[in-house]
Amino acid sequence: FIRKKNIKKIDLMKINIVGNLWGDSGFSVHTRHLCRALKEEGVDLGIETPLPPNYMNTDEWIEFRENIEKNYAYENTIMISAPEYWEVKSGDRIPKFFPISIFEGTSVSPNWIRIAEKDFITKLIVPSEHTKKAFEIWQNEKVNNKMVVIPHGTDLNVFKPKERQKNEKFRFLFVGGWKTGIYDRKGLDIALKAFCAEFKQDEPVEFFVKINMAYQDQNTVINNLNALGLPEIRPKISLSFDQISEEKLAKVYQESDCFVLSTKGEAFALPC
């Protein structure tokens, strides 16, 4: 999209977004923000999304109802999902199809390459050079020529620095899920062990952990924490399981001194 000063916005083409609007997973957050951004650009937008129970009582339904009720399934389509789901759109005779793919590791599966090289895919959008290289490692010229890197954006009206009083305690912050404990790619166990090894009980520090509940329940996280056997400094570690708005999440960032990203591999990396 090209925007110039003093030029009236041109009505843009119809676009169909396929993705999950609901919840706090990376896929859902990215879908919501992309839909919001395209609407702000004046795009005539339709949205294909699963409807969860009580969806009419959600903020997403209030914001996107008009777009969800449009039938744009046969228009130019952007799909935000794992490649295994792309083929459901292969027979829809859509003009152009742009799936968005992410990956945490260094090499995608050969099945992803098999799907990505198919002719119904117009361009393959990836958010980073890291994901691009994970596809390119297979040296499939057809797939490589389709890839376009479009980095993620963020809402700078919400997520922005803010003047505040200095904390009594220096606050470290972690944001993310932690489903499989020491085997989880987010590496929270590494950060917690490092915190306890570095600081003593009487030092003015704390570690605030905002758990994304899209990936596990509260008992799973507590059990994972107990399994670490942390020393007596553990009371300085606090966990939050609350489901909060983006505005409140931004406040959590603004009130912290140091953000910790201890991950072993990232795809969306939305906290960053």
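Residues numbered from 1 in each chain as written. Predicted model: local features only at pLDDT ≥ 70, side-chain atom pairs only at ≥ 80, totals over all residues. Heavy atoms only, no water.

Trainee: When you look at the packing of aromatic side chains in this model, what are you seeing that I'm missing?
Mentor: Here the distance between the centres and the angle between the planes together describe a pair of aromatic rings. Counted by the stated rule, this structure contains 13 aromatic pairs. The interplanar angle of 75 degrees and the centroid separation of 5.3 Å between the aromatic rings of Phe103 and Trp112 together place this pair among those described as edge-to-face. A residue is classified by how much of its surface remains accessible, and Trp112, at 10% relative accessible area, is buried. Ring centres of Phe159 and Tyr253 lie 6.1 Å apart, and the angle between their planes is 75 degrees; this geometry places the pair in the edge-to-face category. Placement of the pair is Phe159 in the loop between strand 6 (147-149) and strand 7 (170-176) and Tyr253 in helix 8 (residues 246-254), with a sequence separation of 94 residues. Residue classification places Phe159 among the partly exposed residues on the basis of a relative accessible area of 23%. (Phe/Tyr/Trp six-rings, centres within 6.5 Å; stacked < 30°, edge-to-face > 60°. Buried < 20%, exposed > 50% of the residue type's maximum accessible area, 1.4 Å probe, protein only. Helix = DSSP H or I, 4+ residues; strand = E, 2+ residues; numbered from the N terminus.)

Trainee: Please explain the nonpolar core as it appears in this structure.
Mentor: Residues Leu192, Phe195, Phe207, Val209, Ile211 and Ile237 are the most contacted members of the largest nonpolar core, which totals 22 residues. Residue assignment for this core shows that the elements contributing at least two residues are strand 7, helix 6 (188-198), strand 8 (205-211) and helix 7 (218-226). Here this core gets five residues from one element, more than from any other, and that element is helix 6. Beyond its immediate sequence surroundings of up to four residues, Ile237 is in contact with Leu192, Phe195, Cys196, Phe207, Val209 and Leu230. Among the nonpolar cores identified, the runner-up in size contains 19 residues, and Val18, Trp86, Phe103 and Trp112 belong to it. (Core = buried A, V, L, I, M, F, W, Y, C linked by side-chain atoms within 4.5 Å. Contact = heavy atoms within 4.5 Å.)

Trainee: Where do I start with the pattern of salt bridges in this structure?
Mentor: Proximity of charged atoms lets side chains of opposite charge pair with each other. Inspection of the entire model under this criterion finds 16 salt bridges. With a shortest N-O distance of 3.5 Å, Arg114 and Glu87 are connected by a salt bridge. Taken together, the residues span a long stretch of sequence, with Arg114 in helix 3 (residues 110-116) and Glu87 in the loop between strand 3 (76-80) and strand 4 (97-100) at a distance of 27 residues. Its relative accessible area of 25% is what places Glu87 among the partly exposed residues. A salt bridge links Lys132 to Glu136; the shortest N-O distance between them is 2.6 Å. Of this pair, Lys132 and Glu136 both sit in helix 4 (residues 129-136), separated by four residues, roughly a single helical turn. The exposure class assigned to Glu136 is partly exposed, which follows from its relative accessible area of 27%. Here the salt bridges share partners, and the residues they tie into one network are Glu104, Arg185, Lys186 and Glu266. (Salt bridge = Lys/Arg side-chain N within 4 Å of Asp/Glu carboxyl O.)

Trainee: How should the sheet that holds strand 9 (residues 237-240) be read in this particular structure?
Mentor: Spatial strand order, 9-8-7-10: four strands in an open sheet with parallel pairing. Bordering the open sheet on either side are strand 9 and strand 10 (258-259), each of which pairs with just one other strand. As paired elements, strand 7 and strand 8 share seven bridges and run parallel to each other. Residue pairing across strands places Phe172 opposite Phe207, the latter belonging to strand 8. (Pairing = 2+ DSSP bridges.)

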